[in-house]
There are 2 protein chains.
Amino acid sequence: MRTYLDCIPCFMGQALRICRMAGCDEADIKGAMDEISVFLRDFPLDRTPPEAGMHVHRILKRHTGQEDPYRDIKRKSTEKALSIYPRLVKTVETSPDPLLTAVRLAIASNVIDHGTAKAYDIDREVAEALDTEPAIFDGEALRARVDGADRILYIGDNAGETVFDRLLIEQIGKPAVFVVRGVPVINDATREDALQAGLEKVADIVSSGTEAPGTVLGTCSREFLDLFYGSPLIISKGQGNYEALSEQQDRPMFFLLKAKCNVIAGHLGVNVGDMVLKGTDAAKDRTRD
Amino acid sequence: MRTYLDCIPCFMGQALRICRMAGCDEADIKGAMDEISVFLRDFPLDRTPPEAGMHVHRILKRHTGQEDPYRDIKRKSTEKALSIYPRLVKTVETSPDPLLTAVRLAIASNVIDHGTAKAYDIDREVAEALDTEPAIFDGEALRARVDGADRILYIGDNAGETVFDRLLIEQIGKPAVFVVRGVPVINDATREDALQAGLEKVADIVSSGTEAPGTVLGTCSREFLDLFYGSPLIISKGQGNYEALSEQQDRPMFFLLKAKCNVIAGHLGVNVGDMVLKGTDAAKDRTRD
């Protein structure tokens, strides 16, 4: 997905929030925002938002002097999710369709996103996810792919969501690789966050190698790219990964996300707040089975 | 009130909305946003947001080629408000305290603001205004000033609100001057908009002379400044006027507004969405009577 003009004020607001959280004074913040505004002026809009985000967050790390300003927030998000994990397992296992219930919960957990300005309540999201119809839900196509796949590649998004990702991987019940970011960026999950969520019990944890807040293929490691081009089923979680990978329609991939901004919602043809499980062309093409 | 870092992404978003409404193509919009980002980089933050807004809207007028992109929206806002005007009159006149009821309705009408990104429903706002306690309400101080004043200066904000301003001026029942912007800026009321609302029936209409979206004194006409420094009671409507005039604590002035962004809410010590009637030091100082 390309970068939209709407992303420009959004990046500026994100920069402001991160600098404040990192405890910068106003002159520091203004310096960072000024540098980001110059960068964005020259950034080609036909490239994806996470590519811009990668450079924006490099600038922020230099100005704040902090590699991981969201560390505490990430740890607390994961702790909170772990505290409701036993209840989530019960909800899934007693539901008429455990796989697709786990999918819904995994989508709901995508509200745990500190890249956007919105507040969230994870307990309310879980309740709503079970009662609300997703706007796009390629559930049967996913089920067919799960049945036919001997392994899956699961590209994670934010810390805390990782607990819900673990639940879905358990329901899928196939050998899995869980992909984390190469370095901390916003509250995206790193290896440390995945370990806190217990993902090593259900998957191999592999870094994509990127420092972008999304899986920008040109910045990923050879190890990740081999997995990406070789896996019979890919699950891509969240907005940043959708923005980076939405053009990869020839990969058997499903995007799981909650649409949290007008740009993403518009690109998907849904409303802000809607839940989405969307297969690529390849994922839904039964002639490839 | 000074300009806050939060105003920077907000100005960028406002520019984008206005350019889109004016029908600009993406390259034009990008050009306008780039020019605005350069301007904002050099704008001293100790000056007020409407001063920045004045320059931002000059840039937008040049890029869009449109002097008044909100003309249709303003006309419709005023028509809508006029359509409920007879009902509003009845509500005020049958209430136990017509003056302060008219004040509440005038505050509620301040949602008719296209400078912010928020949607609004004027009928709902009217109902809520009668049921909700304002966060700051210097009602008795206003009543005392109204009783003692032989004339008032009423500085208007947005078109459509003007119908509610007329209602309040009628309740005050003193000779009045209603102040409009010197040129169209966002949906702020100009002379044309005030006339459509019927304000000439209850007040003399005078332009402040400014082209800013707020009463930036250094850009106002001599005629307006004489009125501003000579009036025994000033009513200042809306966020833009508050931003421009909040330091003028030695004028007998009341700010009527709905807090529509975090910056204004923080400056006033209220929550976003709260209604405010706030007198200056001079307005509340009874020793001056």
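Residues numbered from 1 in each chain as written. Chains lettered and ligands numbered in written order. Predicted model: local features only at pLDDT ≥ 70, side-chain atom pairs only at ≥ 80, totals over all residues.

*Asks:* Help me understand the overall build of chain A, please; the structure alone is not making it clear to me.
*Replies:* Of regular secondary structure, chain A possesses 13 helices and 7 strands. Across its three principal axes, chain A shows a C-alpha extent of roughly 55 × 40 × 35 Å. By residue count, 52% of the 289 residues in chain A fall in the buried class. Taking the intrachain contacts of chain A between residues at least 6 apart in sequence as the baseline, contacts between residues at least 24 apart amount to 71%. (Helix = DSSP H or I, 4+ residues; strand = E, 2+ residues; numbered from the N terminus. Buried ≥ 20, exposed ≤ 12 C-beta atoms within 10 Å, placed from the backbone. Contact = placed C-beta atoms within 7 Å.)

*Asks:* Where do I start with the confidence of the model for chain A in this structure?
*Replies:* Scored by pLDDT, chain A comes out at a mean of 95, with 98% of its residues at no less than 70. Complex prediction metrics read pTM 0.92 and ipTM 0.89. (pLDDT = per-residue confidence, 0-100.)

*Asks:* Hey, could you run me through the interface of chain B and chain A in this one?
*Replies:* The accessible area lost on association of the parts is a frequent measure of interface size. Every contact between the two is made by 14 residues of chain B and, on the other side, 14 residues of chain A. Contributions of two or more residues to the side of chain B that touches chain A are made by helix H1 (7-21) and helix H2 (26-42) of chain B. Residues belonging to the side of chain B that touches chain A are distributed by class as follows: 7 nonpolar, 2 polar and 5 charged. (Nonpolar A, V, L, I, M, F, W, Y, C, P; charged D, E, K, R; others polar.)

*Asks:* Which parts of the structure should I look at to understand the environment of Leu225(A)?
*Replies:* Residues and elements named next belong to chain A. Mapped onto the elements, Leu 225 comes out in helix H10 (residues 222-230). C-alpha separation for the pair Leu 225 and Ser 208, spaced 17 residues apart in sequence, amounts to 8.0 Å. Once residues within four sequence positions are removed from consideration, Leu 225 is found in contact with Leu 217 and Cys 220.

*Asks:* Got a minute to help me understand the packing of helix H5 (residues 98-108) of chain B against helix H8 (residues 161-172) of chain B in this structure?
*Replies:* To describe two helices that pack against each other, one gives the angle between their axes and the distance between the axes. Residue and element names in this part refer to chain B. Packing of H5 against H8 leaves a shortest axis separation of 9 Å and a crossing angle of 165 degrees. By the criterion of interaxial angle, the relationship of H5 to H8 is roughly antiparallel. Seen from above, H5 lies across H8 with left-handed handedness. Where H5 approaches H8, its residues Pro 98, Leu 99, Ala 102, Val 103, Leu 105 and Ala 106 are matched on the opposing element by Phe 164, Asp 165, Leu 167, Leu 168 and Gln 171. Here the contact of H5 with H8 is composed, by residue class, of 9 nonpolar, 1 polar and 1 charged. (Axes fitted to C-alpha atoms, helices over the stretch in contact; angles between N-to-C directions. Parallel < 35°, antiparallel > 145°, perpendicular 65-115°, else oblique. Left-handed = near helix turned anticlockwise from the far one by under 90°.)

*Asks:* I keep staring at the relation of the copies chain B and chain A and nothing clicks. Help me out?
*Replies:* Here two copies of a chain appear, and what relates them is a rotation about an axis with a shift along it. Least-squares fitting of chain B to chain A yields an RMSD of 0.0 Å, with the superposition described by an axial translation of 0.0 Å and a rotation of 180 degrees. The transformation just described matches what one would write down for a two-fold rotation axis. Relative to the rotation axis, the C-alpha of Pro9(B) is the closest in chain B, positioned 2.3 Å from it. (Least-squares fit on C-alpha atoms with pLDDT ≥ 70 in both.)

*Asks:* Got a minute to help me understand unusual backbone geometry in this structure?
*Replies:* Negative phi is the rule for most residues except glycine; trans is the rule for most peptide bonds. All names here are of chain A. One non-glycine residue, Ile 186, adopts positive backbone phi at about 45 degrees. With respect to the helices and strands, the residue Ile 186 is situated in the loop between strand E3 (176-180) and helix H9 (191-196). Taking the number of C-beta atoms within 10 Å as the measure of exposure, Ile 186 has 25 and is therefore buried.

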